[in-house]
Amino acid sequence: MAEQDFLLKIRDTEKQAAELLDTARSQARQMQDDAREQAAALVGEGREAAIQEQRDLLAAAGRDADQMTADSVRETELAIRQLKEQTTARLMMAAEQIAEQIVSDYGRC
C-alpha cells in the first residue's frame, strides 16, 4: 500500500510538473507573441516618424530653394539694371563724341 501511495505521488508529481511545463511554454509563447506585436508597433511608429521627418526636410528644402531662386532673380535683375544704366551712359557719351567728331569734321570741310 505504501508502494502504491508512493507511485501515486510520483505520478501526481509528474502530472503537476507536466502541467507546469505546459503552462510555462504557453506563457513563453504568449510573451513572444506580445513582444513581436510590440516590436512591430514600434517599427511602424518609427517608420511613420521617419516619413514625417523626411516630409518636413523636403518641405524645408523646397522653401530654401524657393528663397534662393527669388534671391538669385533679384540679384540678376539688379545686375541687369546696373548694366543698362552703365550702357546707357556709355552710349550717350559715345553718341556725343561721334556728334562732336561729325561737327568737327563737317566744320573743316
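Further up the page is the structure itself.
Right, let's walk through the structure included here. (Residues numbered from 1 in each chain as written. Predicted model: local features only at pLDDT ≥ 70, side-chain atom pairs only at ≥ 80, totals over all residues. Heavy atoms only, no water.)

A count of helical and extended segments in the chain gives one helix and zero strands. At 46 Å, the chain has a C-alpha radius of gyration far larger than the 13 Å of a compact globule built from 109 residues. Principal-axis analysis of the C-alpha atoms gives the chain an extent of 155 × 15 × 10 Å. In the structure as shown, the chain presents an accessible area of about 10,100 Å², 58% of it carried by carbon and sulfur atoms. Side chains of the chain carry 14 positive and 22 negative charges; the gap between the two charge centres is 2 Å. (Helix = DSSP H or I, 4+ residues; strand = E, 2+ residues; numbered from the N terminus. Rg over C-alpha atoms; globule rule 2.2 N^0.38 Å. Areas by Shrake-Rupley, 256 points an atom, 1.4 Å probe, with all protein chains shown as cover. Lys, Arg positive; Asp, Glu negative; His and termini not counted. Charge placed at Lys NZ, Arg CZ, Asp CG, Glu CD.)

A word on a nonpolar patch on the surface. A contiguous nonpolar surface patch, about 270 Å² in accessible area, is contributed by F6, L7 and I10. Tracing the sequence through the fold places I10 in helix α1 (residues 2–108). (Patch = residues over 30% accessible without salt bridge, like charges linked within 9 Å, V, L, I, M, F, W, Y side chains within 5 Å. Salt bridge = Lys/Arg side-chain N within 4 Å of Asp/Glu carboxyl O.)

Once that is clear, we can look at the environment of G62. Looking at where G62 falls in the secondary structure, it is placed in helix α1. On the basis of relative accessibility, which here comes to 29%, the residue G62 falls in the partly exposed class. Measuring from C-alpha to C-alpha, the distance between G62 and E77 comes to 22 Å, with 15 residues separating the pair along the chain. (Buried < 20%, exposed > 50% of the residue type's maximum accessible area, 1.4 Å probe, protein only.)

Once that is clear, we can look at the pattern of salt bridges. For the structure shown, the criterion picks out two salt bridges. Residue R36 is joined to D33 by a salt bridge in which the shortest nitrogen-to-oxygen separation is 3.2 Å. Here the residue R36 and the residue D33 both occupy positions in helix α1, the gap between them amounting to three residues, near one helical turn. Judged by its relative accessible area of 54%, R36 is exposed. For D33, a relative accessible area of 36% corresponds to the partly exposed category. In this structure, R74 and D71 form a salt bridge, with 2.3 Å as the shortest nitrogen-oxygen distance. Of this pair, R74 and D71 are both found in helix α1, three residues apart, which corresponds to roughly one turn of the helix. Accessibility expressed as a relative area gives 46% for R74, which makes it partly exposed.

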